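# Chains, contacts and geometry: an overview
Below are the chains, spelled out letter by letter.
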Amino acid sequence: MTCLSVNLNKIALLRNSRGRDFPNVIDFANKFIALGVHGITIHPRQDERHITNQDARDLGQLLPHNSRIELNIEGYPSEDFLKMVEEIKPAQCTLVPDAPDQLTSDHGWDLDKDAEFVTQVCQRLNDAGIRSAIFLDPDVSMVEKAVKTGAARIELYTEEFAATHGTEQGKVVLERYRQAAARAQQLGLEVNAGHDLDLNNLPDFLSIPGILEVSIGHVLTVECIEQGMEKVTARYLEICAANPSV
Ligand SMILES: CC(=O)[C@@H](O)[C@H](O)COP(=O)(O)O
Ligand SMILES: NCC(=O)COP(=O)(O)O
């Protein structure tokens, strides 16, 4: 079974658009938890365009380190970000190589360039008892470098899979993800995945064995508007339950 971690960034974006605390992020975390999700993911960006640092602290109160529902905080490991993560102590922290002005996450780490930095940060997270994950393109050579960073997990960046899904090229692309996931597992790295996953493409992605967690937010939020939270969440959970173990 794959764990479903719902990303609340877009709930926070809607909240920020009106200057009052509605919709409330904690309220939506509780609604998704009541529907059976396994985790909550947030990505506090430096400009706090959606999730704020206060949201992160509030969710840290709701989902303390050993709570049944995991909190996954994603972000660029600036010193301020890391200090906040160490203070909150989520179950997992996913390191993403985003620049402050990026529209959204659009690439994994380049470990030819950043291995030393990523290794230091993973060590810091591991020392704090926080599971470290690093955002990675589906590249076997990068997976092999990821092992040396001390990260517990990788998160496969699935935008290319989503963009090519349903095409002949998509079959080739999915095979690249399959190989990257298999190599990671062979080397003892656990595998998460996320970005642009949705109800339509997730079943094919989860034909890859051993995906421990998918974090989904952007399209899921739209699907909930279109079809209702209950129906959408139940369908995601059904798809995740079908993922073959390693
Ligand atoms: C890392 C990743 O792919 C997503 O988790 C990211 O959080 C999306 O960020 P936005 O919601 O700001 O597009
Ligand atoms: N790590 C991926 C994530 O948390 C959500 O990505 P998306 O579904 O908003 O594209």
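Since the model is a prediction, treat every value here as computed from it, not as a measurement.

## Observations regarding the site of ligand 2
In the vicinity of ligand 2, the residues found are Asn7, Thr41, Glu74, Glu155, Gly194, His195, Asp196, Ser215, Ile216, Gly217 and His218. Measuring from an oxygen atom of ligand 2, one finds a backbone N or O atom of Asp196 at 2.8 Å. Interatomic distance of 2.7 Å between a backbone N/O atom of Gly217 and an oxygen atom of ligand 2. When its residues are assigned to classes, the shell around ligand 2 shows one nonpolar, seven polar and three charged.

## Details of the nonpolar core
One finds Phe32, Ile40, Ile134, Ile154, Phe205 and Val214 to be the most contacted residues of the largest nonpolar core, which totals 72 residues. What Val214 contacts, discounting residues up to four positions off in sequence, is Thr2, Cys3, Leu4, Ser5, Ala193, Leu197, Leu202, Leu206 and Cys240.

## Looking at the site of ligand 1
Ligand 1 sits among Asn7, Asn9, Lys10, His43, Arg45, His50, Glu74, Thr104, Ser105, Phe135 and His195. The contact in question runs from an oxygen atom of ligand 1 to an N or O atom on the side chain of Thr104, over 2.5 Å. Burial of ligand 1 by the protein chains amounts to 90% of its free accessible area of 360 Å². The residue inventory of the shell around ligand 1, partitioned by class, reads one nonpolar, seven polar and three charged.

## Remarks on the sheet that holds strand E8 (residues 211-216)
The eight strands lie next to each other as E1-E2-E3-E4-E5-E6-E7-E8, forming a closed barrel whose pairing is parallel. Taking each pair of neighbouring strands and ignoring which way they run, the sheet shows an average axis angle of 25°. Note that strand E6 (residues 153-157) and strand E7 (residues 190-194) share five bridges and pair parallel. Along E7, the bridge assignment pairs Tyr157 with Gly194. Strand contacts of helix H4 (residues 79-88): strand E3 (70-75) and strand E4 (92-95), with the helix running at about 175° to E3, the strand carrying the most contacts. In the packing of helix H5 (residues 111-127) onto the sheet, contacts are made with E4 and strand E5 (131-136), and the angle to E5 comes to roughly 160°.

## What to know about the UniProt feature "site: Transition state stabilizer" (unreviewed entry) in the protein chain
Mapped onto this numbering, the UniProt entry gives "site: Transition state stabilizer" (unreviewed entry) at Glu155. Topologically, Glu155 is positioned in strand E6. Owing to a relative accessible area of 2%, Glu155 belongs among the buried residues under this scheme. Sequence-distant contacts of Glu155, that is, excluding residues within four places in its chain, are made with Glu74, Thr94, Ile134, Phe135, Leu136, Asn192, Ala193, Gly194 and Ser215.

Rules behind the numbers
- Starting from 1, residues in each chain are numbered consecutively following that chain's sequence as written.
- Chain A is the first chain written and ligand 1 is the first ligand written, with later ones labelled in order.
- In keeping with the predicted nature of the model, local features appear solely for residues at pLDDT of at least 70, side-chain atom pairs appear and are counted solely at 80 or more, and the whole-chain, interface and lining totals rest on all residues.
- Only hydrogens and water are removed before side-chain values are computed, so all heavy atoms of the structure are retained for them.
- Summary of the distance rule: residues count as near a molecule or strand when at least one heavy atom falls within 4 Å of that molecule or strand.
- For this analysis, a polar contact is any N or O atom pair within 3.5 Å, provided that within protein one partner can donate a hydrogen and the other can accept it, and provided that sequence-adjacent residues contribute only side-chain to side-chain pairs.
- Asp, Glu, Lys and Arg are counted as charged, while Ala, Val, Leu, Ile, Met, Phe, Trp, Tyr, Cys and Pro are counted as nonpolar; the rest, among them Gly, fall into the polar class.
- We call a set of buried Ala, Val, Leu, Ile, Met, Phe, Trp, Tyr and Cys residues a nonpolar core when their side-chain atoms join them within 4.5 Å.
- Here the term buried applies to any residue with accessible area under 20% of the maximum for its type, exposed to any over 50%, and partly exposed to those in between, with areas from a 1.4 Å probe on protein chains only.
- Here, two residues are considered to be in contact whenever any of their heavy atoms come within 4.5 Å of each other.
- Where accessible areas are quoted, they stem from the Shrake-Rupley method and a 1.4 Å probe; at the residue level, only the protein chains shown are allowed to cover.
- Any two strands with at least two DSSP bridges between them are considered paired.
- Strands here are runs of E lasting at least two residues and helices are runs of H or I lasting at least four, both read from the DSSP assignment and numbered beginning at the N terminus.
- Here the axes come from fitting lines to C-alpha atoms, over the contacting stretch only for helices, and the angles between their N-to-C directions go from 0 to 180 degrees.
- UniProt positions are given in the numbering used here, feature names are shortened, and annotations may be inferred rather than shown by experiment.

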